[in-house]
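The primary structure of each chain is shown beneath.
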Amino acid sequence: MHPDVEKLLFSRADIDNKVHELGSIISRDYAGQDLLMVGILKGAAVFMADLIRAISIDVSIDFMALSSYGASSKSTGVVRILKDLDKSIQNRHVLIVEDIVDTGLTLTYLLKILKARNPAGVRICTMLDKPSRRKADVPVDYNGFTIPDHFVVGYGLDYNEKYRNLPEIYVLKEEIYRSK
Ligand code: PRP
Ligand code: MN
Ligand code: MG
């Protein structure tokens, strides 16, 4: 284990099983429809790469990169689009792919933006859901695991841009994020 992590939360096997479970459900739900999966950079990149390979129907993919507005504060929930979608989503079935829903502010804002573009529908798929920190009600349609209020890293999730490459999901040691 990485020296900065306190414990393992979800192993490779836990993650693989969950990704395949989600992939089957999504493939069934979107059968016969024009599905566009949208990964939210950077956190969702790893989950997105695994999830699309667990989808058994035709699917297109795209990515968006968002940034919280203002000086490192995430509290307003107002996000700036750093990278937008390549094409129109009008009349398409959009599935947003996230690594974690925390306060829900990022997705609340993003949902508003995407719905204004008149897609056929927008749903949310997240690997992790931390409902105890929610500030805005977000409709999570597909959820991997519900987790308590721990600082988690790995499998795309970072602390200060670090630990995204860890292949499993871990709880970060408190001393790492308290000391900074
Ligand atoms: C993290 C995470 C989600 C968002 C969830 O992204 O990947 O996108 O925060 O937080 P919220 O529900 O409280 O809005 P971050 O802004 O850290 O960017 P990153 O994906 O590049 O790490
Ligand atoms: Mn993110
Ligand atoms: Mg982050």
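Chains are numbered independently. Their residues run from 1 in the order of the written sequence. Following the order in which they are written, the chains are lettered starting with A and the ligands numbered starting with 1. Only residues with pLDDT of 70 or above have their local features reported here, since the model is predicted, and side-chain atom pairs are shown and tallied only from 80 upward, although totals for entire chains, interfaces and linings are computed over all residues. Excluding hydrogens and water, the side-chain values take into account all heavy atoms of the structure.

Per an unreviewed UniProt entry, the protein goes by the name Hypoxanthine phosphoribosyltransferase and belongs to Sporotomaculum syntrophicum. UniProt positions are given in the numbering used here, feature names are shortened, and annotations may be inferred rather than shown by experiment. Looking at the Cofactor (unreviewed entry) heading of the UniProt record, one finds this comment for the protein: "Mg(2+)". According to the UniProt record, the Sequence similarities (unreviewed entry) comment for the protein is "Belongs to the purine/pyrimidine phosphoribosyltransferase family."

(A) The arrangement of the packing of helix H1 (residues 12-29) against helix H2 (residues 45-52) in detail. Helix axes use the C-alpha atoms of the stretch in contact, all axes being lines fitted to C-alpha atoms, and the angles between their N-to-C directions lie in the range 0 to 180 degrees. Counting from the N terminus, the helices are DSSP H or I runs at least four residues long and the strands are E runs at least two residues long. At a minimum axis separation of 9 Å, H1 and H2 run at an interaxial angle of 60°. In this view, H1 runs oblique relative to H2, as classed from their interaxial angle. The two elements H1 and H2 cross, and the hand of that crossing is right-handed. Side by side, H1 and H2 meet where Arg-12, Val-19, Leu-22, Gly-23 and Ile-26 of the first sit next to Phe-47, Asp-50 and Leu-51 of the second. Note on angle classes: values under 35 degrees are labelled roughly parallel, values over 145 roughly antiparallel, values of 65 to 115 roughly perpendicular, and the remainder oblique. Crossing chirality is assigned from the near helix's rotation relative to the far helix, an anticlockwise turn below a right angle marking it left-handed and a clockwise turn marking it right-handed. Two residues qualify as a contact provided that any one of their heavy atoms is within 4.5 Å of a heavy atom in the partner residue.

(B) The arrangement of the sheet that holds strand E5 (residues 93-101) in detail. In space, the six strands of this open sheet follow the order E4-E3-E2-E5-E6-E7, with mixed pairing throughout. Of all strands in the sheet, those with a lone pairing partner are strand E4 (79-83) and strand E7 (142-146), marking the two edges. If you compare each strand with its neighbour and ignore which way they point, the axes differ by 30° on average. Pairing between strands is defined by DSSP: at least two bridges between them are needed. Across four bridges, strand E3 (residues 59-68) lies against E4 in antiparallel orientation. Looking at the pairing, Ala-65 lines up with Lys-83 of E4. Those strands touched by H2 are strand E2 (35-41), E3, E5 and strand E6 (121-129), and its axis lies near 155° from that of E2. Across the face of the sheet, helix H3 (residues 105-115) comes into contact with E2, E3, E4, E5 and E6 while running at roughly 170° to E5.

(C) Just the site of ligand 1, in detail. We call a residue near a given molecule or strand whenever any one of its heavy atoms falls within 4 Å of it. As a matter of local geometry, ligand 1 sits amid 15 residues, with Glu-98, Asp-99, Thr-103, Gly-104 and Thr-106 nearest to it. Any pair of nitrogen or oxygen atoms within 3.5 Å is treated as a polar contact; in protein, a donor-acceptor pairing is required on top of that, and neighbouring residues in sequence qualify only through side-chain atoms on both sides. Separating an oxygen atom of ligand 1 from a side-chain N or O atom of Thr-106 is a distance of 2.4 Å. Those elements that place two or more of their residues in the shell around ligand 1 are E5 and H3. When residues of the shell around ligand 1 are assigned to their parent elements, the largest contribution, four residues, is made by E5. Charged residues are taken to be Asp, Glu, Lys and Arg, nonpolar residues to be Ala, Val, Leu, Ile, Met, Phe, Trp, Tyr, Cys and Pro, and polar residues to be all remaining types, Gly included. Looking at the shell around ligand 1 residue by residue, the class counts come to four nonpolar, four polar and seven charged.

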